[in-house]
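Chain and residue survey
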Amino acid sequence: MNLFSLRRSPPSLDDLVMDASLPSKDNSLSSEYLMPGIERPKQVFVRGQGSWLWDSDDRAYLDFSQGGGANSLGHSPSVLVNAITAQAQSLINPGFGLHNRGMLKLAERLCASTGSDQAYLLNTGSEACEAAIKLARKWGQQHRGGASRIIVANNGNHGRSLATMSASDSSTLANRFEPQLPGFSHVPFNDLPALHAAVDERTVAIMLEPIQSEAGVIPATAHYLKGVERLCRELGILLIFDEVQTGIGRCGTLLAEQSFGVTADIVVLGKGLGGGVPLAALLARGKACCFEPGEMTGTHHGNALMTAAGLSVLDTVQDKAFLKHVAEAGQHLREGLGRLAHRYGHGELRGQGLLWGLTLSDDSADAVVKAALYEGLLLNAPQPDCLRFTPALNVSNANIDEMLLRLARAFSRVRTAQLQCRKGIAV
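Description of the structure in this document. (Residues numbered from 1 in each chain as written. Predicted model: local features only at pLDDT ≥ 70, side-chain atom pairs only at ≥ 80, totals over all residues. Heavy atoms only, no water.)

Looking at the pairing of strand β11 (residues 266-269)
- Neither face of β11 is open: one carries I266 and V268, the other V267 and L269, and all of them are buried.
- As defined by bridge partners, strand β10 (residues 238-242) adjoins β11 across three bridges and the pair is classed as parallel. Looking at β11, one finds that D242 is bridged to V268.
- Sheet topology note: the β11/strand β12 (residues 280-284) ladder contains four bridges and is antiparallel. (Buried < 20%, exposed > 50% of the residue type's maximum accessible area, 1.4 Å probe, protein only. Helix = DSSP H or I, 4+ residues; strand = E, 2+ residues; numbered from the N terminus. Pairing = 2+ DSSP bridges.)

Written out as structure tokens, the structure reads:
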């Protein structure tokens, strides 16, 4: 007998991180019939409140992802629940071809609070970004001799529809579903000379995220964004800000553009606007307001139930005390993450308000996310070496401190697993 053939293979990092499984007692549900979209943990979540989620085994998890920032007020906030309940009892969806009060009120509120002239209400950020592309091309037909090309940034992410994939840096995707939609030029982020060199007579707009969230929370510099705004004004092209991730108070101001001191012609909102329900918005200013009847429509666009949710979110976020809390909680989170990064030898911390990304010392972000899940903490890893933190905007300092404790245990668990892997120890 060859004794060497009985030797256990070296353990993987994931095996060691999850050295104790978390079997579910609820075996009545299966993902067998669900089309695969993204990889999900096995837990089935059944209720949430504030910064906490509970699975079907009644185990509590501290949620610092909040649906990628969509749950701006946390899970099932009373203000949102009450607004949706009251609206559902009177009118849910009269039809996209008819006005409803929520549609009109939310459009007016968004315009008044952001200095916009028109708003169109949609369901998702990808859909709203695609609408921004349509609006820019419509403007190009009217005012720039049919120009249609849009300049976007490397490592940007504007969604996963076919058009928004084409506008995004999809180089890391296994399948880009070629052929992609033509008409986009990609240039380095935070590089004004490269941007200037890319503009020609075919260019109709520049489309950017103030902070590239999916790239690892990479902020634009104020110098860069102000330079982009000046370039657009001088050359007579449109500036589009994709604020799906950064808008609705996430960065400490209603829109991130306000903190940079710049103003776009078109702004895209999503995620946090609905507080957890599917709601997005396309905002246009001045000359960019050029859609005509029939050029934008959708079955659930501006329906009464979703707009009631959006109004309740705006009522909360626009309170000055609320935005002050976002800034103070963001500072508390930044300081705590900075201490942990120093203790465990990790890298740069980037972000603003309550949107932060922590660069790790290696490509162990997925392992940390899994270890954090074991510790009852929900996190997100947009890049192999980066953790992203998008807690509820009303998160308490106590919950931030609890998150830091659980994250420290996850870091220790991964560090131990890495040492065991190097030694070839099977556990």
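Observations concerning the sheet that holds strand β16 (residues 380-383)
- Judged by pairing direction, the sheet is antiparallel, and its four strands sit side by side in the order β13-β14-β17-β16 without closing on themselves. Of all the strands in the sheet, just β13 (349-352) and β16 have a single pairing partner and so form its edges. Across the sheet, the axes of successive neighbouring strands diverge by a mean angle of 25 degrees, strand direction being ignored.
- Relative to strand β17 (residues 386-389), strand β14 (residues 355-359) runs antiparallel, the two being bridged by four bridges. By the bridge assignment for β17, G357 is matched with R388.
- Along the sheet, helix α11 (residues 320-343) contacts β13, β14 and β17; its crossing angle with β14, the most-contacted strand, is approximately 5 degrees. (Axes fitted to C-alpha atoms, helices over the stretch in contact; angles between N-to-C directions. Contact = heavy atoms within 4.5 Å.)

Side note on the packing of aromatic side chains
- Scanning all chains against the criterion turns up three aromatic pairs.
- Between F189 and Y224 the ring centres are 5.6 Å apart and the planes differ by 75 degrees, which places this aromatic pair in the edge-to-face class. Placement of the pair is F189 in the loop between β6 (184-187) and α7 (192-198) and Y224 in helix α8 (residues 222-235), with a sequence separation of 35 residues. For the pair F189 and Y224, a shared accessibility class is recorded, and that class is buried.
- Between Y344 and F411 the ring centres are 5.3 Å apart and the planes differ by 50 degrees, which places this aromatic pair in the tilted class. Taken together, the positions of Y344 in the loop between α11 and β13 and F411 in helix α13 (residues 397-423) put the pair 67 residues apart, joining distant regions of the chain.
- Look at Y344 and you get buried, because its relative accessible area is 12%.
- The positively charged end of R47 is found above the aromatic ring belonging to W54, 4.2 Å away from the centroid.
- One cation-aromatic arrangement involves R137 over F184; the distance from NZ or CZ to the ring centre is 5.6 Å. (Phe/Tyr/Trp six-rings, centres within 6.5 Å; stacked < 30°, edge-to-face > 60°. Lys NZ or Arg CZ within 6 Å of the ring centre and 35° of its normal.)

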